[in-house]
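A look at the structure
This is what each chain is made of:
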Amino acid sequence: MVVKDPESQALEISVYDWEQIGKHDKMGTYVVPLRDLTPDESKTMTLDLLKNMDPNDKQRGQVVVELTYKPFKEEDLPKDFEESGTVLKVPEGTPPGGGVLVVIVHQAEDVEGKNHTNPYVRIIFKGEKRKTKQVKKNRDPRWEEEFTFMLEEAPVNDKLHVEVISTSMRIGLLHPKEVLGYIDISLSDVVHNTRINDKFHLIDSKNGRIQVELQWRTAK
């Protein structure tokens, strides 16, 4: 993240309890003033999470982070520099009040079918269906595929349905298709944060998880 004023800016780290339905509960927060960091020196910190940043609060767990502040002048930036994790701007033709929802399906872990495990991902959003390539005989598949949806308005009240499906490679099998797990992701968080990259526990799967990245790109 690019720092504009290290004397006044701070890094705020919050830990949330993710909920499938409803609002995510904030478990604790810690704020690190950037002036406390020594330039060019990597610093590992164990932060005591607090509910309201009141020193008298009960400690709500700890999070360990490693931070490095590298000072430079703005003119020293290479012309093609792009901040890590920066959300790209939208293409021409995007509606003024809307934007582009980008869905990147990264990978899954511990997915398993009863009869076969040849997984692919199907995305359903506003009746539109997209799917990834199929990975043969793999419980930890990696897809790294990106899908875009151009929208007239921000999808604050919408959900994205993501399901992992296995289809048999053999003709005439009794169970040619199986759903290995699914999730419904509320999109209000990505609209407010512009980018989310998280692993989600798959519903109807014993241990399956899927990593999905969401971006909300607007013309502003």
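Residues numbered from 1 in each chain as written. Predicted model: local features only at pLDDT ≥ 70, side-chain atom pairs only at ≥ 80, totals over all residues. Heavy atoms only, no water.

Looking up the protein chain in an unreviewed UniProt entry gives the name C2 domain-containing protein, with the organism given as Anisodus acutangulus.

**So, the sheet that holds strand β7 (residues 128–131)**
What counts is decided by this rule: Any two strands between which DSSP finds at least two bridges are classified as paired. Elements are defined by DSSP. Helices are runs of H or I of four residues or more, strands are runs of E of two residues or more, and each kind is numbered from the N terminus. Whenever a helix is involved, its axis is fitted only over the stretch in contact; in every case the axis is a line through C-alpha atoms, and angles between N-to-C directions fall within 0 to 180 degrees.
With respect to topology, four strands assemble into an open sheet ordered β7-β6-β9-β10, the strand pairing being antiparallel. Two strands in the sheet have a free side with no partner beyond their single neighbour: β7 and β10 (177–186). Geometrically, the sheet is characterised by an average inter-axis angle of 20 degrees between neighbouring strands, direction not taken into account. Pairing geometry for strand β6 (residues 119–125) and strand β9 (residues 159–167), over six bridges, is antiparallel. Opposite V121, over in β9, you have V164 as the bridge partner.

**Some words on unusual backbone geometry**
Phi at D40 takes a positive value of approximately 65 degrees, unusual for a residue other than glycine. Topologically, D40 is positioned in the loop between β2 (25–33) and β3 (43–48).

**Side note on the nonpolar core**
Our working definition: Residues enter a nonpolar core if they are buried and are Ala, Val, Leu, Ile, Met, Phe, Trp, Tyr or Cys, with the set joined through side-chain atoms within 4.5 Å. When a residue's accessible area, from a 1.4 Å probe over protein chains only, is under 20% of the maximum for its type it is buried; when over 50% it is exposed; and in between it is partly exposed.
Counting residues in each nonpolar core, the largest one holds 28 residues, and the members touching the most others are L101, V103, I123 and I210. Broken down by secondary-structure element, the contributors of at least two residues to this core are β5 (99–109), β6, β8 (142–151), β9, β10, α1 (188–193) and β12 (209–217). In terms of nonpolar packing, the next biggest core, distinct from the first, is built from ten residues, V32, M45, V65 and Y69 among them.

**Remarks on the packing of aromatic side chains**
The geometry of an aromatic ring pair comes down to the distance between the two centres and the angle between the two planes. To be explicit about the condition: Any pair of Phe, Tyr and Trp rings, taking the six-membered ring for Trp, is counted once the centres come within 6.5 Å. Such a pair is stacked with planes under 30 degrees apart, edge-to-face with planes over 60 apart, and tilted for the rest. Geometrically, a charge over a ring is one whose NZ (Lys) or CZ (Arg) sits within 6 Å of the ring centre while staying within 35 degrees of the ring normal.
Taken as a whole and judged by the stated rule, the model has one aromatic pair. The interplanar angle of 70 degrees and the centroid separation of 5.3 Å between the aromatic rings of F125 and F149 together place this pair among those described as edge-to-face. Of this pair, F125 sits in strand β6 while F149 sits in strand β8; the two residues are 24 residues apart in sequence, bridging distant segments of the chain. You can call F149 buried: its relative accessible area is 3%. Positioned above the aromatic ring of F149 is the side chain of R130, whose terminal nitrogen or guanidinium carbon lies 4.4 Å from the ring centre. The ring centre of Y120 lies 5.3 Å from the NZ or CZ of K131, which sits over that ring.

**Looking at the side chain of S188**
Definition in use: Contacts between residues were defined by any pair of non-hydrogen atoms, one from each residue, lying within 4.5 Å.
Its place among the elements puts S188 in helix α1. The class of S188 is buried, set by a relative accessible area of 19%. Those residues in contact with S188, other than ones at most four positions away along the chain, are P155 and V156.

**A look at the pattern of salt bridges**
The condition is simple: Put simply, a salt bridge is a Lys or Arg side-chain nitrogen that is within 4 Å of an Asp or Glu carboxyl oxygen.
The final tally for this structure, using the stated rule, is ten salt bridges. Linking K199 and E109 is a salt bridge whose minimum nitrogen-to-oxygen distance equals 2.5 Å. Of the two residues, K199 is situated in strand β11 (residues 195–201) and E109 in strand β5; the sequence distance between them amounts to 90 residues. Residue classification places K199 among the partly exposed residues on the basis of a relative accessible area of 32%. Assessed through its relative accessible area of 25%, E109 is described here as partly exposed.

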